[in-house]
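Take a look at the letters that make up each chain.
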Amino acid sequence: MVNILDGKRVAAEIRAELRAEVETLKAQGKRAPKLAIVLVGNNPASEVYVANKLKACAEVGIEAQAIRYPMDITEHTLLNEIAKLNNDASIDGYIVQLPLPEHINETAILSAIDYRKDVDGLTPENVGRTVQGLPSIISATPRGIRELLARYNIQTAGKHVVVIGRSNIVGKPMAILLMQRPYLSLPGMSASALGDATVTICHSKTQDLAAICRTADIIIVAAGSPKLLTAEMVKEGAVVIDVGINRVEITNNQSPITNTKRFRLVGDVDFEHVAPKASYITPVPGGVGPMTIVSLLQNTIQAYNEHSR
Ligand code: NDP
């Protein structure tokens with residue numbers, strides 16, 4: 001029987017825990033942790049993500065601020081703004097909402113973030129530290145997936161995990177976390193549940209993806225391609241984690257009033273046909289998405305605890 005990995009419920013549970021942690025800090029006379037979100041331009045999807053992050057911060061008592069810049073800001077000016085955030089002692093962590101406009105070099109911007117404030121875990125320093133097993137801030141989506149697995153007591157040790165996708169944000173750090181020795185796991189998480197997996201990373205040039213997936217105990221799909229993972233690619237009883245967020249048009253459902261197209265969010269997994277074969281599966285929405293946001297909050301509190309001045 002399939003079990004839904006309910007990221008929405010688990011994220012709410014973690015937010016309640018974080019809220020208690022922040023309240024304790026305040027009761028001790030300390031200030032609340034503070035997150036800043038740098039937003040360049042007005043990409044509609046980014047606006048939604050930022051609004052969700054601000055709402056989640058408010059719920060746990062983390063102070064949060066969106067700092068907006070116009071679409072035509074130069075890379076030089078943005079780098080100056082990043083330097084200011086690095087030096088602002090009132091801000092414990094900040095993120096630069098991606099994607100950035102094309103004229104700005106994303107790598108240059110991310111590399112300029114002080115790794116101690118890099119609560120998205122995307123700086124070369126944090127990624128390198130994660131790879132080496134040093135204390136680091138871990139990229140929010142992989143951290144959230146790992147926590148979701150841990151909270152459902154799904155062991156990864158000795159399992160074959162297939163990760164589809166090799167981005168710096170999801171695929172690569174996910175693979176690193178899964179293959180780590182468990183003593184490198186995050187504080188507060190059950191070490192026995194995490195790491196020690198045998199990991200295969202797949203991407204668009206992988207040959208016979210289906211055959212590789214059929215050997216997986218756990219499949220994590222982060223490709224951005226609707227229905228990429230079909231039932232034929234999944235062995236009976238596998239755990240399936242769907243990271244994808246794709247906006248697909250609802251056919252034959254144009255609003256007669258506004259004459260506009262309607263969309264819905266789907267993942268990378270053919271949920272309807274894969275779910276009956278899986279032992280556990282994440283839905284979209286309500287699976288990995290809420291876990292990513294709550295990981296950002298955890299990373300902010302981690303940065304506060306480790307470096308607040
Ligand atoms: P990228 O576009 O950066 O990377 C996609 C990866 O998937 C690439 O490595 C690509 O291969 C691979 N890929 C694409 N199509 C195929 C295919 N047909 N077969 C095998 N591999 C394929 O995406 P991200 O990692 O940033 O995001 C992936 C998805 O996850 C997106 O839908 C995104 O919206 C979503 N996402 C969701 C989050 C959440 O919180 N739920 C957070 C972050 C992202 P190659 O390298 O060869 O091009």
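This is a predicted model, so every value here is computed, not measured. (Residues numbered from 1 in each chain as written. Predicted model: local features only at pLDDT ≥ 70, side-chain atom pairs only at ≥ 80, totals over all residues. Heavy atoms only, no water.)

A.B. asks: A description of the sheet that holds strand β4 (residues 93-96) should follow, citing residues and the corresponding values.
C.D. replies: Consider a sheet: its strands pair through backbone hydrogen bonds, and that pairing is either parallel or antiparallel. Spatial ordering of the open sheet is given by β3-β2-β4, a layout of three strands whose pairing is parallel. At either margin of the open sheet sits one strand with a lone partner, and together these are β3 (63-69) and β4. The sheet shows a mean angle of 20 degrees between the axes of neighbouring strands, taken without regard to direction. With four bridges connecting them, strand β2 (residues 34-40) and β4 associate as parallel partners. When the bridges of β4 are listed, I37 appears paired with I95. (Pairing = 2+ DSSP bridges. Helix = DSSP H or I, 4+ residues; strand = E, 2+ residues; numbered from the N terminus. Axes fitted to C-alpha atoms, helices over the stretch in contact; angles between N-to-C directions.)

A.B. asks: Before we move on, can you summarise the pattern of salt bridges with the specific residues and values?
C.D. replies: Under the defined criterion, the tally for this structure stands at 12 salt bridges. Two residues, E13 and R151, come together in a salt bridge whose shortest N-O distance is 3.2 Å. Separated by 138 residues along the polypeptide, E13 in helix α1 (residues 7-27) and R151 in helix α6 (residues 140-151) bring together distant segments of the chain. On the basis of relative accessibility, which here comes to 33%, the residue E13 falls in the partly exposed class. (Salt bridge = Lys/Arg side-chain N within 4 Å of Asp/Glu carboxyl O. Buried < 20%, exposed > 50% of the residue type's maximum accessible area, 1.4 Å probe, protein only.)

A.B. asks: Could you give an account of the sheet that holds strand β11 (residues 280-281), with specific residues and numbers?
C.D. replies: With parallel pairing, six strands are arranged side by side in an open sheet as β1-β11-β8-β7-β5-β6. Here the strands that pair on one side only, and so sit at the sheet edges, are β1 (3-4) and β6 (198-202). Taken together, the four bridges between strand β5 (residues 160-164) and strand β7 (residues 218-221) define a ladder with parallel strand orientation. Note that in β7 the partner of V162 across the bridge is I219. Set on the sheet, helix α7 (residues 171-179) makes contact with β5, β6 and β7; between it and β5 the angle comes to about 170 degrees. (Contact = heavy atoms within 4.5 Å.)

A.B. asks: Pulling in residues and values, what's your account of the packing of aromatic side chains?
C.D. replies: Per the stated rule, a full pass over the model turns up one aromatic pair. With a centroid separation of 6.2 Å and 65 degrees between ring planes, the pair formed by Y152 and Y280 is classed as edge-to-face. A residue pair is termed long-range when its members are at least 10 positions apart, and Y152 in the loop between α6 and β5 and Y280 in strand β11 qualify at 128 residues. What makes Y152 buried here is its relative accessible area of 17%. A cation sits over an aromatic face here: R247 above F263, 4.1 Å from the ring centre. (Phe/Tyr/Trp six-rings, centres within 6.5 Å; stacked < 30°, edge-to-face > 60°. Lys NZ or Arg CZ within 6 Å of the ring centre and 35° of its normal.)

A.B. asks: Talk me through the site of the ligand; I want residue IDs and the actual numbers.
C.D. replies: In the vicinity of the ligand lie 19 residues, with R166, S167, S204, I245 and T292 positioned nearest. Interatomic distance of 3.3 Å between a backbone N/O atom of V243 and a nitrogen atom of the ligand. In this structure, an oxygen atom belonging to the ligand sits 3.0 Å away from a main-chain N or O atom of I245. Burial of the ligand by the protein chains amounts to 69% of its free accessible area of 930 Å². (Near = heavy atom within 4 Å. Polar contact = N/O pair within 3.5 Å; in protein donor to acceptor, adjacent residues only side chain to side chain. Areas by Shrake-Rupley, 256 points an atom, 1.4 Å probe, with all protein chains shown as cover.)

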